[in-house]
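Residue strings, one per chain:
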Amino acid sequence: MQTKCTSWQIQYLSQDTSRDTRKVGLYVKRGCSKGSVEIELYRASGNLIITREIQVENNQSTWMLNKKHTSQKAVEEAVKELHIQVGNLCQFLPQEKVGEFAKMSKIELLEATEKSVGPPEMYEFHCELKTFRSKERDLENVCKEKANFLEKARQRNERNKLDVERYYMKKRHLDRIQMLEKKKPWVEYETARKELEGVKKEREEMKKKLKSLKEAQEPLLRKIRSVESQLQPIEQQMKELTAGIRDATQKCKQKHDQLEYRNKEVDDIRQDLSLKQTEEADRQKRIGHTQLMIKDLQKELQNMGSMEDVTPQIEAVNAELRKIQEEKAKLEGEMSDLRRDKDEAFGELNRLQNRQRSLDDMMKVKEDKLRTRFRDTYTALKWLRDNRDRFEGNVYEPMMLVINVRDSRHAKYIESHIPLNDLRAFVFQRQEDMEKFMTEVRDTQRLRVNTVIAPEESCSRRPPSRPLETLKPYGFFSYLRELFDAPEEVMSYLCYQYKVNDVPVGTEKTKSMIEMVIRELQMRMIYTAEEKYTVKKSNYSSNVVSSNSALRPSQFLTMTVDADERRQLEEQLRAAQRQVQSIDQRMAAIREQQAKLDRRDNELRANKKKLSELKGKKRQLEQKISTKQDSLRQMEQNEINLQAIEEETNAKIAAVNNKKVAIMEEYLGHMQMKARLSMEKVYLALQSAGLSAEKTKLETDCRDSSAELKRAEVVYTKLDQVKNNLLTTCKTLMRRASEICNMTPGETAVPEELHQAFSQLPDTLDEIDAMLNEEKTRAECFTGLSDAVVEEYNRREREIQNMEKELDDKTNALTTYRQNIAEAKERWLNPLKQLVDQINERFSDFFRSMQCAGEVDLHSENEEEYDKYGIRIRVKFRSSTQLHELTPHHQSGGERSVSTMLYLMSLQELNRCPFRVVDEINQGMDPVNERRVFDIVVRTACGVNTSQYFFITPKLLQNLKYAEQMTILCVHNGPYMLPPHKWSEKAFIRRAKRRQIP
């Protein structure tokens, strides 16, 4: 391939044309109205020259093929014919795309590899397989849906089949019910007719019996009338005797009541006497008891005459009690002061604790932002807090949590200066602690986190390159380091990595004189009020180039916690707690003194009470003796004369007994009268009983005869009514049976067709009713059935047959698709496996030559999911670790660059494209890996039958090995370079040779 373009031109021509082209004019040099890029591609039928001209004024591009105007689409078609895939990172890998190569999924990497090194039909077979598989899934889903629908239809019809069978079963029961209802009236009629004949016969027999009963009853009635005429005078005499007996009994009762009253009167008189006797005995006992008490009290009074006076002792106790009260009042005053001091101390302690909680809430807000934005980092943070004891050195939480900006307005400077990846990074003091942490959270828990290690020698107090006082005239007010607080190791890392100790922060004044600031101070980075300026100096021309960008608002560091305030707050909290403890101790001492005084006060008061009781006891004894003597005199004056009372009582009892004798004589006279009348009544009762017994026997015989006669009359009447009713019933049943069987009026015989059906049914009403109830019950069990059920069942049977045919057609189509997939898979998968094996063999050899390990394999979780196939790259750069998949997060930037480069080298001999371009891929490599990779690139790119290789880099290591097949182009740029038309290659070679001559 021949080219007439620089490296940036190749990259520019290879850019994705789908990007926003509104800024395409910015590629033209400032001051020029247009720019052009030209590239010449080798082609067997004639080279192809592609030219792109960019107009600044209208921001448009003009395309040409071999100096002829054409469209962008025609250019793309021409490039495609040469197997050049501009968007394939396996062919064109610009510097900014190295990270994207590692971010490519396994599926994307497989497609890029197929397009780059596979046969032209391989990617087409892959796409065809994915299409076949997609259609196969669609057919599988259709077949599955139809099979499910068919199965549901069969199940539904199976359920309906039972309903249909039940429908016909119910119909048979209903037909039998109809026939039973037709036969029942005929059986009822026949039963009623037979019953009518029997009733007529019984009625005639009962009529004869009535006549004979009436003839036998007349003699008994005449005898009963004769006995009743004899009983009437006897019953009259018995009534008169009964009245006399009742009168005598009433008088006896009155006399008995009078005797009871007199007996009660005697009892009352005797009870009054007993009460008087008890009262006198009780008085004598009280007199004796009182006399004994007076003697005891007088003796006790005599014993107390020798005791001393206790008044001085009581006065001494009172004086000591007054002293104790004064001391208690003093202590209570001190306690009130201490309570007031404690309330004030508690108020201050609560205020400080509320402020501390406010500061803790600010940290909680920071953690919530971390959890929302970086879930993996927050998960790792929780693990670290639970396992901090597993680390030997200091381990700090993500910087955004431990950095405390002193003024929230300055947070935007810190966030603009420190990359976001470092703001969420954990900071370690020791290397082994960081490796232990990454093994756990990255390898085991699969979390994407960032870690950094602090410098061994602290840089946190490294002075700036120039004092701040020299910068203040330019509007600078601080260095970045002075705007925030952080732990020692975190600040050391930021000073070492991002020079926060040497980056000044200015104001609007700085921005107004920015050109002078850049020119005179020559600092690499400065901040103004709202912008960030980066200053670079050319190594060739010493010219200064600056760029500026607007500062974005802070997202994570706006919550500021003043570290000095936090320390002062903690000290104040400890002081307040100590003050509360001191007050509590003093209050406890005062309470102990109060308790001692209370105990002494109680003892004195008990002693005073005892002395006071002793002083008043003599006076109480004298009063008690006087009271008891008065009571004794009163009791002696109340003496009762029992003898006079007993004589009076005996006289009263004698008078009452005389009255009782008179009453008893009258009572005995009335009793004798009652006895005589009772005997006369007994004689008449015996006579009356004989006649009554004879009458009763006659009445019983007559009553039995009358009862039988009445029963016979009732039976006869009922039989007559039953005969009439049965006659009417027979006529009604005959008419109803004829109507149910649709017979003509006057027809009495059952039709022949019904007679044959009736012969298969029961002949009795009970059996017919039982069968009828049974058939109705069975018919009622078949609920919810109708003719529509049968129609629906037949219609669905036809649908099932149609669905079975459609399912067979779809199943056959699915079988055909699977055969096509199997054939396409055979055409695609076997060559692909061979291709991946070749790539893996070269890739493993390259890594093995670098004392590392790597492998490439074809990965798929499911062999039938062709859109999930992918190429997996796994590498190992240290012998102590395992092979890990190449990802944007697990390996370092240099390791990703090495892996990417070696994979591209593995494709070199297999590549179908005419040339490949790699731009600045060695930027992130360490010198050892860079040298090894360069040797592999030279060895591979200079082999036989390989495509042309462009390796673009801004720098190369010294003493590299070069091959004869290599062409080295040095591109120079800048305002002091010669124009192309003045350049002389021969003059340049002559000057180089002269320099080599000693």
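Predicted model only: the values in this text are computed from it and were never measured. (Residues numbered from 1 in each chain as written. Predicted model: local features only at pLDDT ≥ 70, side-chain atom pairs only at ≥ 80, totals over all residues. Heavy atoms only, no water.)

A. Quick peek at the overall build of the chain. Of the regular secondary structure elements, the chain holds 23 helices and 20 strands. By residue count, 35% of the 998 residues in the chain fall in the buried class. By sequence separation, contacts in the chain at least 24 residues apart represent 74% of the contacts at least 6 residues apart. Counting only carbon and sulfur atoms, one obtains 49% of the accessible surface of the chain, whose full area is about 62,600 Å². (Helix = DSSP H or I, 4+ residues; strand = E, 2+ residues; numbered from the N terminus. Buried < 20%, exposed > 50% of the residue type's maximum accessible area, 1.4 Å probe, protein only. Contact = heavy atoms within 4.5 Å. Areas by Shrake-Rupley, 256 points an atom, 1.4 Å probe, with all protein chains shown as cover.)

B. Looking closely at the nonpolar core. Ranked by internal contacts, the top residues of the largest apolar core, which has 50 residues, are I403, F437, L480 and L494. Looking at this core, the elements that each hand over two or more residues are α8 (375-386), β6 (395-396), α9 (399-402), α10 (411-417), β8 (425-428), α12 (431-444) and α13 (488-498). No other element matches the six residues that α13 contributes to this core. One finds M850, Y903, L907 and V918 within the second-largest nonpolar core, a separate group that totals 44 residues. (Core = buried A, V, L, I, M, F, W, Y, C linked by side-chain atoms within 4.5 Å.)

C. Seen up close, the sheet that holds β8. Read from one edge of the open sheet, three strands run β6-β8-β9, paired in mixed fashion. Only two strands of the sheet have a single partner each, and these edge strands are β6 and β9 (450-453). Bridge analysis of β8 against β9 gives four bridges, and the strand direction is parallel. When the sheet's bridge partners are listed, F426 is paired in β9 with T451. (Pairing = 2+ DSSP bridges.)

D. Focus on the pattern of salt bridges. Enumeration over the complete set of coordinates arrives at 37 salt bridges. Among the ionic pairs, K130 bridges to E111, the shortest N-O distance being 3.0 Å. Residue K130 is found in helix α5 (residues 120-216), and its partner E111 is found in helix α4 (residues 106-117); the two are separated by 19 residues along the sequence. In this structure, the salt-bridge partner of E603 is R600, at a minimum N-O distance of 3.3 Å. Placement of the pair is E603 and R600 together in helix α16 (residues 563-637), with a separation of three residues, close to one helical turn. (Salt bridge = Lys/Arg side-chain N within 4 Å of Asp/Glu carboxyl O.)

E. Spotlight on the layout of surface pockets. Looking at the second largest pocket, its volume works out to about 1,000 Å³. For the second largest pocket, the lining is made up of 33 residues, of which M438, R442, H890, Q891 and S892 are closest to its centre. Of all the elements in the fold, those that place two or more residues in the lining of the second largest pocket are α3 (98-103), α11 (420-423), α12, β9, β17 (870-876) and α21 (893-906). For the lining of the second largest pocket, the leading source of residues is α12, giving seven residues. (1 Å grid on protein atoms, 1.4 Å probe; cavity = no way out; pocket = protein on both sides within 12 Å on 5 of 7 lines; lining within 4 Å. Points joined across faces, edges and corners; volume = space filled by probe spheres on them.)

F. Main features of the packing of aromatic side chains. Per the counting criterion, the structure on display carries 13 aromatic pairs. Note on F374 and F556: the rings are 6.0 Å apart at their centroids and 35° apart in plane angle, and the pair reads as tilted. Linking F374 in the loop between α7 (311-373) and α8 with F556 in the loop between β15 (544-550) and α16, this pair joins segments that are 182 residues apart in sequence. The pair F374 / F556 is uniform in exposure class, with both members buried. (Phe/Tyr/Trp six-rings, centres within 6.5 Å; stacked < 30°, edge-to-face > 60°.)

G. Molecular detail of the side chain of D422. Along the polypeptide, D422 turns up in helix α11. Despite its burial, D422 pairs with no opposite charge; the closest candidate is R424, at 8.6 Å N-O. Side chain to side chain, D422 and Y498 meet in a polar contact 2.3 Å long. Among residues more than four places away in sequence, those in contact with D422 are M399, V452, Y493 and Y498. (Lys, Arg positive; Asp, Glu negative; His and termini not counted. Polar contact = N/O pair within 3.5 Å; in protein donor to acceptor, adjacent residues only side chain to side chain.)

H. Spotlight on a positive patch on the surface. A cluster of like positive charges, contributed by K986, R990, R991, R994 and R995, occupies part of the molecular surface. With respect to the secondary-structure elements, R991 resides in helix α23 (residues 985-996). (Patch = residues over 30% accessible without salt bridge, like charges linked within 9 Å, V, L, I, M, F, W, Y side chains within 5 Å. Charge placed at Lys NZ, Arg CZ, Asp CG, Glu CD.)

I. Representation of the packing of α8 against α12. The interhelical angle for the contact between α8 and α12, taken along N-to-C directions, is 130°, at an axis separation of 11 Å. Here α12 runs oblique to α8, going by the angle between their axes. The crossing of α8 and α12 is right-handed. Counted together, A380, W383 and L384 of α8 and F437, E440 and V441 of α12 form the full contact between these two elements. Residues that form the contact of α8 with α12 fall into these classes: five nonpolar, no polar and one charged. (Axes fitted to C-alpha atoms, helices over the stretch in contact; angles between N-to-C directions. Parallel < 35°, antiparallel > 145°, perpendicular 65-115°, else oblique. Left-handed = near helix turned anticlockwise from the far one by under 90°. Nonpolar A, V, L, I, M, F, W, Y, C, P; charged D, E, K, R; others polar.)

J. Geometry of the sheet that holds strand β1 (residues 34-41). Reading across from one edge, β1-β2-β3-β4 is the order of the four strands in this open sheet, with antiparallel pairing throughout. Each edge of the open sheet carries a strand with a single partner, namely β1 and β4 (68-70). Ignoring which end each strand starts from, the neighbouring axes of this sheet average 30° apart. Two elements, β1 and strand β2 (residues 48-55), share eight bridges in a ladder whose sense is antiparallel. Its bridge partner being in β2, L41 is matched across the sheet by L48.

K. Spotlight on a nonpolar patch on the surface. A cluster of nonpolar side chains, contributed by M679, V682, Y683 and L686, occupies part of the molecular surface with about 440 Å² of accessible area. By the element assignment, V682 lies in helix α17 (residues 642-740).

L. Seen up close, the pairing of β8. Of the two faces of β8, the one carrying A425 and V427 and the one carrying F426 and F428 are both buried. Across two bridges, β6 lies against β8 in antiparallel orientation. When the bridges of β8 are listed, Y396 appears paired with V427. For the crossover that starts at β8, traverses α12 and ends in the parallel β9, the hand is right-handed. (Right-handed = clockwise from strand over helix to strand, strands pointing away.)

M. Seen up close, the environment of R736. Structurally, R736 can be placed in helix α17. When the C-alpha atoms of R736 and K182 are compared, they prove to be 9.7 Å apart, with 554 residues separating the residues in sequence. Apart from the residues lying within four places of it in its own chain, the contact partners of R736 are P185 and E188.

N. The arrangement of the side chain of E531 in detail. Tracing the backbone shows E531 in strand β14 (residues 531-537). Residue E531 is classed as buried on the basis of its relative accessible area of 14%. Of the polar contacts made by the side chain of E531, one reaches the side chain of Y533; its length is 2.6 Å.

O. Examining the pairing of strand β3 (residues 60-65) more closely. As paired strands, β2 and β3 are joined by six bridges and run antiparallel to one another. By the bridge assignment, R52 is partnered in β3 with W63. Adjacent in sequence and paired antiparallel, β2 and β3 are bridged by four residues, among which N59 carries a positive phi angle near 55°. As judged from the three bridges shared by β3 and β4, these two strands associate in the antiparallel manner. Note on β4: the bridge partner recorded for L65 is K68. Two successive antiparallel strands, β3 and β4, enclose a turn made up of two residues, where N66 displays a positive phi of approximately 55°.

P. Up close: helix α2 (residues 72-81). Residues of α2 that are buried include every one of V75, A78 and V79, and no others. One side of α2 holds all its buried residues, which, seen down the axis, span an arc of 100°. For α2, the exposed residues lying more than 90 degrees away from the buried face are K73, K80 and E81. Elements in contact with the buried residues of α2: β2, β3 and β4. One or two steps after α2, the chain reaches H83, where phi turns positive at roughly 65°. (Arc of directions from axis to C-beta.)

Q. Looking closely at the packing of α21 against helix α22 (residues 927-941). Interaxial distance between α21 and α22 falls to 10 Å at its minimum, and their mutual angle equals 10°. By the angle between their directions, the pair α21 and α22 is classed as roughly parallel. Taking contact as the criterion, the partners of V898, M901, L902 and M905 in α21 are, on α22, N929, V933, I936, V937 and T940. Across the contact of α21 with α22, the residue classes tally to seven nonpolar, two polar and no charged.

R. Representation of α22. Look at α22: 21 Å from first C-alpha to last across 15 residues, which is about the 21 Å you get at 1.5 Å a residue. If you check which residues of α22 are buried, you get N929, E930, V933, F934, I936, V937, V938, T940 and A941. (Expected span 1.5 Å × (residues − 1).)

Functional significance is not addressed by these values, which are geometric in nature.
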